[in-house]
Amino acid sequence: VAGRTVRDEDLLTPAARMMAESKAIDVRSLTGTGRHGRITKGDIILALNAGTQFPALAAPAPAPAAAPAAAPATAAAAAPPLPPPVSVGEVVMTDVGYEETNASGMRKVISKRLTASFAEVPHFYVDVEVELDALLAFRKELKANHEVAVSVNDLVIRSAGLALRDVPEANAFWNGSAAELNDTVDISVAVATPTGLITPIVQNVDKKGLVDITTDVKDLAGRAKTGKLAPEEYQGGTFTISNLGMFGINQFSAVINQPQGCIMAVGGGTRTVVVDSKESEPRVATIMTARVSCDRRVVDEAIAAQYLQAFQFYMNEPQLLMM
(Lines give C-alpha, C1' and ligand atoms only; values in the text may rest on other atoms or scores of the structure.)
Protein backbone atom coordinates (compact mmCIF):
# COMPACT_ATOMS: atom_id res chain seq x y z
CA VAL A 1 0.00 0.00 0.00
CA ALA A 2 1.39 3.41 -1.00
CA GLY A 3 2.69 5.58 1.84
CA ARG A 4 3.04 2.71 4.30
CA THR A 5 6.37 2.65 6.16
CA VAL A 6 5.55 0.36 9.07
CA ARG A 7 6.96 -3.15 9.33
CA ASP A 8 4.64 -6.04 8.43
CA GLU A 9 4.69 -7.41 11.98
CA ASP A 10 3.60 -3.98 13.32
CA LEU A 11 1.04 -3.27 10.60
CA LEU A 12 -2.00 -3.81 12.83
CA THR A 13 -2.49 -2.09 16.18
CA PRO A 14 -3.18 -4.51 19.05
CA ALA A 15 -6.92 -3.79 18.99
CA ALA A 16 -7.07 -4.16 15.21
CA ARG A 17 -5.18 -7.47 15.36
CA MET A 18 -7.55 -8.86 17.97
CA MET A 19 -10.57 -7.78 15.93
CA ALA A 20 -9.20 -9.29 12.71
CA GLU A 21 -8.36 -12.58 14.43
CA SER A 22 -11.75 -12.74 16.15
CA LYS A 23 -13.49 -12.35 12.78
CA ALA A 24 -10.92 -14.55 10.98
CA ILE A 25 -10.36 -11.94 8.22
CA ASP A 26 -7.19 -10.73 6.49
CA VAL A 27 -7.26 -6.91 6.54
CA ARG A 28 -3.70 -6.20 5.37
CA SER A 29 -4.99 -4.71 2.10
CA LEU A 30 -6.58 -1.79 3.99
CA THR A 31 -5.04 1.67 3.88
CA GLY A 32 -4.38 2.44 7.54
CA THR A 33 -4.91 5.84 9.11
CA GLY A 34 -2.56 5.22 12.05
CA ARG A 35 1.04 6.37 12.40
CA HIS A 36 3.18 5.31 9.42
CA GLY A 37 0.12 3.72 7.82
CA ARG A 38 -0.78 1.34 10.67
CA ILE A 39 -4.24 -0.22 10.46
CA THR A 40 -6.42 0.64 13.45
CA LYS A 41 -9.54 -0.96 14.86
CA GLY A 42 -11.50 2.05 13.57
CA ASP A 43 -10.24 1.41 10.02
CA ILE A 44 -11.60 -2.15 10.13
CA ILE A 45 -14.95 -1.07 11.59
CA LEU A 46 -15.43 1.60 8.90
CA ALA A 47 -14.50 -0.86 6.15
CA LEU A 48 -16.91 -3.51 7.44
CA ASN A 49 -19.71 -0.96 7.77
CA ALA A 50 -19.07 0.08 4.16
CA GLY A 51 -19.54 -3.54 3.05
CA THR A 52 -15.89 -4.32 2.29
CA GLN A 53 -15.28 -8.05 1.85
CA PHE A 54 -12.02 -9.40 3.23
CA PRO A 55 -10.38 -12.77 2.48
CA ALA A 56 -10.31 -15.34 5.21
CA LEU A 57 -7.37 -15.26 7.57
CA ALA A 58 -4.92 -18.03 6.78
CA ALA A 59 -4.69 -20.66 9.48
CA PRO A 60 -1.31 -20.74 11.25
CA ALA A 61 0.99 -23.63 10.38
CA PRO A 62 0.82 -26.44 12.94
CA ALA A 63 3.69 -26.44 15.40
CA PRO A 64 6.11 -29.40 15.13
CA ALA A 65 5.56 -32.14 17.64
CA ALA A 66 7.62 -31.72 20.76
CA ALA A 67 10.26 -34.30 21.47
CA PRO A 68 9.47 -36.58 24.40
CA ALA A 69 10.92 -35.31 27.65
CA ALA A 70 13.90 -37.15 28.94
CA ALA A 71 13.44 -39.13 32.09
CA PRO A 72 14.78 -37.28 35.11
CA ALA A 73 18.08 -38.43 36.43
CA THR A 74 17.85 -40.66 39.46
CA ALA A 75 20.48 -38.65 41.31
CA ALA A 76 18.49 -35.42 40.84
CA ALA A 77 15.20 -36.96 41.93
CA ALA A 78 15.96 -36.75 45.62
CA ALA A 79 15.58 -33.24 47.02
CA PRO A 80 18.35 -32.02 49.33
CA PRO A 81 17.43 -32.02 53.03
CA LEU A 82 16.09 -28.77 54.45
CA PRO A 83 18.29 -26.92 56.93
CA PRO A 84 17.11 -26.94 60.55
CA PRO A 85 14.92 -24.00 61.61
CA VAL A 86 16.74 -21.02 63.10
CA SER A 87 15.69 -19.99 66.58
CA VAL A 88 15.35 -16.23 67.11
CA GLY A 89 14.72 -16.50 70.83
CA GLU A 90 12.04 -14.72 72.80
CA VAL A 91 10.51 -11.59 71.24
CA VAL A 92 10.60 -8.77 73.77
CA MET A 93 7.82 -6.18 73.56
CA THR A 94 8.66 -2.61 74.55
CA ASP A 95 6.45 -0.32 76.58
CA VAL A 96 6.42 2.44 73.96
CA GLY A 97 2.90 3.79 73.62
CA TYR A 98 1.03 4.08 70.35
CA GLU A 99 -2.30 5.29 69.04
CA GLU A 100 -4.41 3.18 66.72
CA THR A 101 -6.28 5.12 64.04
CA ASN A 102 -9.20 3.47 62.28
CA ALA A 103 -8.94 3.54 58.49
CA SER A 104 -11.65 5.46 56.66
CA GLY A 105 -13.91 3.65 54.25
CA MET A 106 -12.06 5.24 51.34
CA ARG A 107 -8.66 4.11 52.63
CA LYS A 108 -9.95 0.55 53.04
CA VAL A 109 -11.13 0.55 49.43
CA ILE A 110 -7.82 2.03 48.24
CA SER A 111 -5.86 -0.56 50.22
CA LYS A 112 -7.90 -3.43 48.81
CA ARG A 113 -7.72 -2.25 45.20
CA LEU A 114 -4.02 -1.37 45.15
CA THR A 115 -3.05 -4.59 46.93
CA ALA A 116 -4.99 -6.54 44.29
CA SER A 117 -3.44 -4.50 41.48
CA PHE A 118 0.14 -4.99 42.65
CA ALA A 119 -0.47 -8.71 43.17
CA GLU A 120 -2.34 -9.39 39.91
CA VAL A 121 -1.00 -6.91 37.36
CA PRO A 122 2.45 -7.55 35.79
CA HIS A 123 3.95 -4.08 36.32
CA PHE A 124 6.97 -2.76 34.47
CA TYR A 125 8.42 0.75 34.58
CA VAL A 126 9.81 3.16 32.01
CA ASP A 127 10.97 6.70 32.75
CA VAL A 128 12.16 9.75 30.86
CA GLU A 129 13.84 13.02 31.85
CA VAL A 130 12.11 16.16 30.59
CA GLU A 131 13.74 19.58 30.43
CA LEU A 132 11.30 22.13 31.85
CA ASP A 133 12.93 25.50 31.13
CA ALA A 134 11.06 26.20 27.88
CA LEU A 135 7.77 25.16 29.49
CA LEU A 136 8.36 27.34 32.57
CA ALA A 137 9.16 30.33 30.33
CA PHE A 138 6.01 29.67 28.29
CA ARG A 139 3.96 29.56 31.50
CA LYS A 140 5.34 32.97 32.56
CA GLU A 141 4.59 34.36 29.09
CA LEU A 142 0.96 33.23 29.29
CA LYS A 143 0.60 34.98 32.62
CA ALA A 144 2.37 38.20 31.59
CA ASN A 145 1.00 38.67 28.07
CA HIS A 146 -2.37 36.95 28.15
CA GLU A 147 -3.30 36.92 31.85
CA VAL A 148 -3.75 33.15 31.65
CA ALA A 149 -2.61 31.36 34.82
CA VAL A 150 -1.91 27.66 34.39
CA SER A 151 0.02 25.29 36.65
CA VAL A 152 2.84 23.01 35.59
CA ASN A 153 0.49 20.10 36.33
CA ASP A 154 -2.06 21.50 33.85
CA LEU A 155 0.65 21.54 31.19
CA VAL A 156 1.65 17.98 32.12
CA ILE A 157 -1.97 16.84 31.75
CA ARG A 158 -2.34 18.53 28.37
CA SER A 159 0.96 17.05 27.12
CA ALA A 160 -0.09 13.58 28.28
CA GLY A 161 -3.44 13.93 26.51
CA LEU A 162 -1.82 14.82 23.20
CA ALA A 163 0.74 12.02 23.59
CA LEU A 164 -2.07 9.51 24.20
CA ARG A 165 -3.84 10.82 21.10
CA ASP A 166 -0.67 10.19 19.09
CA VAL A 167 0.02 6.77 20.69
CA PRO A 168 -3.49 5.34 21.26
CA GLU A 169 -2.09 1.92 22.17
CA ALA A 170 -1.01 3.42 25.50
CA ASN A 171 -4.57 4.62 26.13
CA ALA A 172 -5.90 1.12 26.73
CA PHE A 173 -7.23 -1.19 29.43
CA TRP A 174 -7.42 -4.89 30.33
CA ASN A 175 -10.96 -6.28 30.02
CA GLY A 176 -10.19 -9.51 31.84
CA SER A 177 -9.12 -11.49 28.79
CA ALA A 178 -7.69 -9.00 26.28
CA ALA A 179 -6.46 -5.43 25.84
CA GLU A 180 -8.87 -2.85 24.44
CA LEU A 181 -8.18 0.66 23.17
CA ASN A 182 -10.29 3.48 24.59
CA ASP A 183 -12.23 5.78 22.28
CA THR A 184 -11.63 8.88 24.43
CA VAL A 185 -8.70 10.34 26.36
CA ASP A 186 -9.99 10.79 29.92
CA ILE A 187 -7.19 11.40 32.41
CA SER A 188 -7.61 10.61 36.11
CA VAL A 189 -5.68 13.10 38.26
CA ALA A 190 -4.64 11.92 41.73
CA VAL A 191 -5.78 14.34 44.47
CA ALA A 192 -4.89 13.95 48.16
CA THR A 193 -7.85 14.41 50.52
CA PRO A 194 -8.14 14.04 54.33
CA THR A 195 -9.77 10.62 53.88
CA GLY A 196 -7.43 9.27 51.20
CA LEU A 197 -6.36 9.57 47.59
CA ILE A 198 -9.05 10.08 44.94
CA THR A 199 -8.71 10.39 41.16
CA PRO A 200 -11.22 12.79 39.59
CA ILE A 201 -11.36 12.60 35.79
CA VAL A 202 -10.61 15.35 33.26
CA GLN A 203 -12.49 14.18 30.18
CA ASN A 204 -11.45 14.56 26.52
CA VAL A 205 -8.09 16.09 27.43
CA ASP A 206 -6.79 15.82 23.86
CA LYS A 207 -9.65 18.04 22.64
CA LYS A 208 -9.59 20.68 25.41
CA GLY A 209 -7.58 23.88 25.64
CA LEU A 210 -5.34 24.79 28.56
CA VAL A 211 -7.87 27.18 30.08
CA ASP A 212 -10.58 24.50 30.07
CA ILE A 213 -8.20 21.96 31.63
CA THR A 214 -7.16 24.44 34.34
CA THR A 215 -10.82 25.19 35.12
CA ASP A 216 -11.75 21.51 35.26
CA VAL A 217 -8.80 20.56 37.50
CA LYS A 218 -9.50 23.37 39.99
CA ASP A 219 -13.20 22.49 40.14
CA LEU A 220 -12.68 18.73 40.46
CA ALA A 221 -9.85 19.01 43.01
CA GLY A 222 -11.82 21.47 45.13
CA ARG A 223 -14.92 19.29 45.24
CA ALA A 224 -12.79 16.15 45.78
CA LYS A 225 -11.35 17.62 48.98
CA THR A 226 -14.84 18.38 50.31
CA GLY A 227 -16.30 15.00 49.27
CA LYS A 228 -18.71 16.48 46.73
CA LEU A 229 -17.76 14.52 43.62
CA ALA A 230 -20.38 12.39 41.88
CA PRO A 231 -19.32 8.74 41.32
CA GLU A 232 -19.06 9.21 37.55
CA GLU A 233 -16.56 12.02 38.14
CA TYR A 234 -13.95 9.73 39.72
CA GLN A 235 -14.85 6.22 38.53
CA GLY A 236 -13.44 5.31 35.14
CA GLY A 237 -10.79 7.23 33.28
CA THR A 238 -8.39 5.82 30.69
CA PHE A 239 -5.00 6.91 32.11
CA THR A 240 -3.86 8.26 35.49
CA ILE A 241 -1.34 10.96 36.46
CA SER A 242 0.04 11.22 39.99
CA ASN A 243 2.20 14.31 40.58
CA LEU A 244 4.25 14.64 43.78
CA GLY A 245 6.52 17.38 42.47
CA MET A 246 4.87 20.01 44.66
CA PHE A 247 5.91 17.97 47.72
CA GLY A 248 9.60 18.01 46.79
CA ILE A 249 9.65 14.45 45.44
CA ASN A 250 12.01 13.96 42.48
CA GLN A 251 10.80 10.56 41.27
CA PHE A 252 8.67 7.63 42.39
CA SER A 253 6.75 4.61 41.11
CA ALA A 254 2.95 4.42 41.17
CA VAL A 255 0.65 1.39 41.30
CA ILE A 256 -1.65 0.93 38.31
CA ASN A 257 -5.29 1.92 38.77
CA GLN A 258 -7.11 -1.11 37.32
CA PRO A 259 -8.38 -1.74 34.71
CA GLN A 260 -6.30 1.06 33.17
CA GLY A 261 -3.12 0.00 31.41
CA CYS A 262 -0.84 2.80 32.65
CA ILE A 263 -0.23 5.38 35.36
CA MET A 264 2.37 8.16 35.12
CA ALA A 265 4.26 9.30 38.22
CA VAL A 266 5.59 12.86 37.90
CA GLY A 267 8.32 14.32 40.10
CA GLY A 268 9.45 17.88 40.65
CA GLY A 269 11.98 19.81 38.61
CA THR A 270 15.58 19.90 39.83
CA ARG A 271 18.44 22.10 38.64
CA THR A 272 20.91 19.76 36.98
CA VAL A 273 24.10 20.14 34.95
CA VAL A 274 23.56 18.70 31.46
CA VAL A 275 25.81 18.22 28.44
CA ASP A 276 24.04 18.09 25.07
CA SER A 277 26.95 16.68 23.08
CA LYS A 278 30.68 16.08 23.22
CA GLU A 279 31.30 19.45 21.57
CA SER A 280 28.91 21.53 23.73
CA GLU A 281 29.65 23.28 27.00
CA PRO A 282 27.95 22.07 30.21
CA ARG A 283 24.87 24.05 31.19
CA VAL A 284 22.32 24.05 33.99
CA ALA A 285 18.74 23.01 33.22
CA THR A 286 15.58 22.18 35.16
CA ILE A 287 14.95 18.46 34.77
CA MET A 288 11.77 16.56 35.66
CA THR A 289 11.44 12.76 35.77
CA ALA A 290 8.25 11.11 34.53
CA ARG A 291 7.90 7.38 35.17
CA VAL A 292 5.15 5.27 33.63
CA SER A 293 4.00 2.05 35.30
CA CYS A 294 2.55 -0.25 32.64
CA ASP A 295 0.44 -3.41 32.61
CA ARG A 296 2.51 -5.76 30.44
CA ARG A 297 -0.66 -7.49 29.24
CA VAL A 298 -1.83 -4.20 27.72
CA VAL A 299 1.28 -2.20 26.82
CA ASP A 300 4.69 -3.47 25.82
CA GLU A 301 8.03 -1.72 26.25
CA ALA A 302 8.07 -0.27 22.73
CA ILE A 303 4.63 1.34 23.12
CA ALA A 304 5.61 2.74 26.52
CA ALA A 305 8.73 4.26 24.97
CA GLN A 306 6.73 5.78 22.10
CA TYR A 307 4.30 7.35 24.56
CA LEU A 308 7.09 8.89 26.66
CA GLN A 309 8.84 10.20 23.55
CA ALA A 310 5.61 11.91 22.48
CA PHE A 311 5.05 13.27 26.00
CA GLN A 312 8.61 14.63 26.12
CA PHE A 313 8.15 16.24 22.70
CA TYR A 314 5.06 18.21 23.75
CA MET A 315 6.68 19.26 27.04
CA ASN A 316 9.68 20.57 25.06
CA GLU A 317 7.46 22.37 22.53
CA PRO A 318 4.88 24.04 24.83
CA GLN A 319 3.48 26.28 22.09
CA LEU A 320 1.88 23.18 20.59
CA LEU A 321 -0.20 22.79 23.76
CA MET A 322 -2.28 25.78 22.65
CA MET A 323 -3.34 24.09 19.41
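The structure displayed is predicted, hence computed values, not measured ones. (Residues numbered from 1 in each chain as written. Predicted model: local features only at pLDDT ≥ 70, side-chain atom pairs only at ≥ 80, totals over all residues. Heavy atoms only, no water.)

A short note on the confidence of the model for the protein
Overall, the predicted model of the protein reaches an average pLDDT of 88, with 89% of residues at or above 70. Here helix α3 (residues 74-77) is the element of the protein with the lowest mean pLDDT, 48, and strand β9 (residues 262-266) is the one with the highest, 98. Scored below 50 in pLDDT, residues 71-76 shows zero contacts in the model against residues more than four places distant or in partner chains. (pLDDT = per-residue confidence, 0-100. Helix = DSSP H or I, 4+ residues; strand = E, 2+ residues; numbered from the N terminus. Contact = heavy atoms within 4.5 Å.)

Notes on the side chain of D166
Counting through the fold element by element, D166 comes out in helix α6 (residues 152-166). Within the structure, D166 has its side chain in polar contact with the side chain of R165 (distance 3.1 Å). Here the side chain of D166 touches Y314 through a polar contact of 2.6 Å, side chain to side chain. With residues up to four places along the chain from it excluded, the contact list for D166 reads R35 and Y314. (Polar contact = N/O pair within 3.5 Å; in protein donor to acceptor, adjacent residues only side chain to side chain.)

A closer look at the pattern of salt bridges
Scanning all chains against the criterion turns up 14 salt bridges. Among the salt bridges present, the one from R7 reaches E9, with a minimum N-O distance of 3.6 Å. The class for R7 is exposed, based on a relative accessible area of 52%. A salt bridge links E169 to R38; its shortest N-O distance comes to 3.0 Å. With a gap of 131 residues between them, E169 in the loop between α6 and β2 (172-174) and R38 in the loop between α1 (14-23) and α2 (41-49) connect regions that are remote in the sequence. (Salt bridge = Lys/Arg side-chain N within 4 Å of Asp/Glu carboxyl O. Buried < 20%, exposed > 50% of the residue type's maximum accessible area, 1.4 Å probe, protein only.)

Focus on the side chain of H123
Among the secondary structure elements, H123 is positioned in strand β1 (residues 123-131). Polar side-chain contacts of H123 include one of 2.9 Å to the backbone oxygen of V121. A polar contact is formed between the side chain of H123 and the backbone nitrogen of I256, at a distance of 3.2 Å. If we skip the residues at most four places from it in the chain, H123 touches S117, F118, A254, V255, I256, S293 and C294.

A look at the state of the cysteines
Counted according to the given criterion, the structure contains zero disulfides. For the unlinked cysteine C262, the closest cysteine sulfur is that of C294, found at 3.9 Å. (Disulfide = S-S within 2.5 Å.)

Some thoughts on the packing of aromatic side chains
Two measures describe an aromatic ring pair: the distance that separates the ring centres and the angle between the ring planes. Tallied over the full model, the rule gives three aromatic pairs. When the centroid spacing of 5.3 Å and the interplanar angle of 50 degrees are considered together, the rings of F239 and Y307 count as tilted. Placement of F239 in strand β8 (residues 239-243) and of Y307 in helix α8 (residues 301-316) is noted, with a sequence separation of 68 residues between them. On the basis of relative accessibility, which here comes to 1%, the residue Y307 falls in the buried class. Measuring from ring centre to ring centre gives 6.3 Å for Y307 and F311, while their planes differ by 20 degrees; the resulting arrangement is stacked. Here the residue Y307 and the residue F311 both occupy positions in helix α8, the gap between them amounting to four residues, near one helical turn. The two residues Y307 and F311 agree in class, both being buried. (Phe/Tyr/Trp six-rings, centres within 6.5 Å; stacked < 30°, edge-to-face > 60°.)

Quick word on the environment of R7
Locating R7 in the fold gives a position in the segment before α1. R7 sits 29 residues away from H36 along the chain, and the two C-alpha atoms are 9.3 Å apart. A polar contact is formed between the side chain of R7 and the side chain of D10, at a distance of 2.6 Å.

Description of a nonpolar patch on the surface
A grouping of M246, F247 and I249 is seen on the molecular surface, where their side chains present a nonpolar patch of about 320 Å² in accessible area. Within the secondary structure, F247 is located in the loop between β8 and β9. Overall, the relative accessible area of 57% leaves F247 in the exposed class. (Patch = residues over 30% accessible without salt bridge, like charges linked within 9 Å, V, L, I, M, F, W, Y side chains within 5 Å. Areas by Shrake-Rupley, 256 points an atom, 1.4 Å probe, with all protein chains shown as cover.)

A look at the packing of α6 against helix α7 (residues 210-225)
Direction vectors running N to C along α6 and α7 enclose 115 degrees, while the axes themselves pass 10 Å from each other. Viewed along their axes, α6 and α7 form a crossing whose handedness is right-handed. Taking contact as the criterion, the partners of D154, L155, I157 and R158 in α6 are, on α7, L210, I213, T214 and V217. Tallied by class, the residues present in the contact of α6 with α7 amount to five nonpolar, one polar and two charged. (Axes fitted to C-alpha atoms, helices over the stretch in contact; angles between N-to-C directions. Left-handed = near helix turned anticlockwise from the far one by under 90°. Nonpolar A, V, L, I, M, F, W, Y, C, P; charged D, E, K, R; others polar.)

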